[in-house]
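The primary structure of each chain is shown beneath.
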Amino acid sequence: MNRIYTEDVSVFYGDNQVLKNVSVSMENNTVTAFIGPSGCGKSTFLRLFNRMNDFIGSFHKTGLVSIDNTDIYKKDINVEDLRKKVGMVFQKPNPFPKTIYENVIYGLRLQNISDKKILDEAVETSLKRAAIWDEVKDKLTKSALELSGGQQQRLCIARTLAVKPTVILMDEPASALDPISTSKIEELIFELKKQYTIAIVTHNMQQAARVSDRTIFFYMGDMVEEGDTKMIFTNPKKELTQQYITGRFG
């Protein structure tokens, strides 16, 4: 089943067109990587799925963006509910200046959930799923800002998981991290796809090849090629894709 589907999506900031007629589908429990040089439109495309582009005053789009067979740009869509369903992990870890515990349950507090048993369970489950429980279980009352960068990013993933999304968006989630932390995030992505549909923007070709099932290559607002990751990296159909993945530009 296609969890995410777009048809002829174009995006404009004012008169500037940044995406041109993009049609893709992303199935349940898969990881799709968006690759391409800076400014090609891949992060804009990612942010369509939780309507983060809405915060840009000049943004408008044409075409269909559907999640679980629902047009998420329909007038009656509750955008707050959408953002619970579609979690987002950013390039730089962004924990709040609160305890580790309060970071994880932040989204649940916004939903006015105050039952300690429910909150405690959510903290343990989310931190376990984010592969950081064993590192922080004795420090839940400590500030999240005391954690290392890699731990902070996994904490932010736990915070995303606590509100029970079905889709997770990741925008360069490991670009600010050291190689060991990056490896942990990649292992985590592999585990998370068993329960979630994941879309990831990455500049790192090796990372895209390692973590994704499908890869979409963007160039200057066009979706040049999309397909099985192994095929894209070993036998792409388009010359431009071949040039990009072999490092001839980027």
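This write-up is about the structure you can find in this document. Keep in mind that this is a model prediction, so the values were computed, not measured.

### Re the layout of surface pockets
Part 1: Estimates place the volume of the largest pocket at around 660 Å³.
Part 2: Together, 21 residues line the largest pocket, and R83, Y106, G107, L110 and V163 are the ones closest to its centre.
Part 3: Every element with two or more residues in the lining of the largest pocket is listed here: α2 (79-85), β6 (86-89), α4 (106-110) and α7 (149-162).
Part 4: Element by element, the count of residues in the lining of the largest pocket is highest for β6, at four residues.
Part 5: By volume, the second largest pocket is sized at about 220 Å³.
Part 6: If you go around the second largest pocket, the residues you meet are L108, I113, I118, E121, A122, T125, S126, R129, L161, A162, V163 and K164.
Part 7: Elements represented by at least two residues in the lining of the second largest pocket include exactly α5 (116-129) and α7.

### Concerning the packing of α5 against α7
Part 1: Relative orientation of the contacting elements α5 and α7 amounts to 125°, with a least axis distance of 8 Å. Relative to α7, α5 is oriented oblique. In this structure, α5 crosses over α7, and the sense of that crossing is right-handed. Residues S126, L127 and R129 of α5 pack against L155, A158, L161 and A162 of α7.

### Notes on the pattern of salt bridges
Part 1: Within this structure, the stated rule accounts for 16 salt bridges.
Part 2: In this structure, the salt-bridge partner of R51 is D54, at a minimum N-O distance of 2.8 Å.
Part 3: Given a relative accessible area of 13%, R51 falls into the buried group.
Part 4: Overlapping salt bridges, with partners in common, bring together R3, D68 and K85 in one network.

### With respect to the environment of E225
Part 1: The residue E225 is located in strand β10 (residues 222-228) in this model.
Part 2: Taking the C-alpha atoms as reference points, E225 and G149, 76 residues apart in sequence, are found 34 Å from one another.
Part 3: Once residues lying within four places of it in the same chain are set aside, the contact partners of E225 are T215, I216, F217, M231, I232, P236, K237, K238 and T241.
Part 4: For E225, the side chain forms a polar contact with the main-chain nitrogen of K238, separated by 3.0 Å.

### Structural notes on the nonpolar core
Part 1: Ranked by internal contacts, the top residues of the largest apolar core, which has 44 residues, are L127, I157, M170 and L192.
Part 2: Of the residues forming this core, the biggest block, five residues, is contributed by α7.
Part 3: Beyond its immediate stretch of four places on either side in the chain, I157 contacts V89, A130, M170, I185, L188 and L192.
Part 4: Counting residues in hydrophobic clusters, the runner-up holds 29 residues, among them V11, V24, F49 and I67.

### Quick look at the sheet that holds strand β8 (residues 197-201)
Part 1: Reading across the sheet, the six strands line up as β6-β7-β8-β3-β9-β10 and stay open at both edges, with mixed pairing between neighbours. Two strands close off the open sheet at either side, each with one partner strand: β6 and β10. The average undirected angle you get between the axes of adjacent strands in this sheet is 15°.
Part 2: Pairing of strand β3 (residues 31-35) with strand β9 (residues 214-219) involves four bridges; the strand directions are parallel. By the bridge assignment, I35 is partnered in β9 with F217.
Part 3: Each of β6 and β7 (167-171) is contacted by α7, which is oriented at about 170° to β6, the strand it contacts most.

### Quick word on the packing of aromatic side chains
Part 1: In the structure shown here, the tally under the stated rule is seven aromatic pairs.
Part 2: Taking the centre distance of 5.9 Å and the plane angle of 80° together, the rings of F34 and F218 count as edge-to-face. On the criterion of sequence distance, the pair formed by F34 in strand β3 and F218 in strand β9 is long-range, its members being 184 residues apart.
Part 3: Each ring, one from F96 and one from Y106, has its centre 4.4 Å from the other, and the planes form 45°; the classification is tilted. In this pair, F96 is assigned in the loop between β6 and α3 (100-104) and Y106 in helix α4, connecting sequence segments 10 residues apart.
Part 4: Through pairs of rings, three or more aromatic residues link up here, namely F34, F45, F49 and F218.
Part 5: Lying across the ring of Y73, K61 places its NZ or CZ 4.7 Å from the centre.
Part 6: Over the face of the ring belonging to F96 we find R159, whose NZ or CZ atom lies 4.1 Å from the ring centre.

Scoring rules and cut-offs
Residues numbered from 1 in each chain as written. Predicted model: local features only at pLDDT ≥ 70, side-chain atom pairs only at ≥ 80, totals over all residues. Heavy atoms only, no water. 1 Å grid on protein atoms, 1.4 Å probe; cavity = no way out; pocket = protein on both sides within 12 Å on 5 of 7 lines; lining within 4 Å. Points joined across faces, edges and corners; volume = space filled by probe spheres on them. Helix = DSSP H or I, 4+ residues; strand = E, 2+ residues; numbered from the N terminus. Axes fitted to C-alpha atoms, helices over the stretch in contact; angles between N-to-C directions. Parallel < 35°, antiparallel > 145°, perpendicular 65-115°, else oblique. Left-handed = near helix turned anticlockwise from the far one by under 90°. Contact = heavy atoms within 4.5 Å. Salt bridge = Lys/Arg side-chain N within 4 Å of Asp/Glu carboxyl O. Buried < 20%, exposed > 50% of the residue type's maximum accessible area, 1.4 Å probe, protein only. Polar contact = N/O pair within 3.5 Å; in protein donor to acceptor, adjacent residues only side chain to side chain. Core = buried A, V, L, I, M, F, W, Y, C linked by side-chain atoms within 4.5 Å. Pairing = 2+ DSSP bridges. Phe/Tyr/Trp six-rings, centres within 6.5 Å; stacked < 30°, edge-to-face > 60°. Lys NZ or Arg CZ within 6 Å of the ring centre and 35° of its normal.

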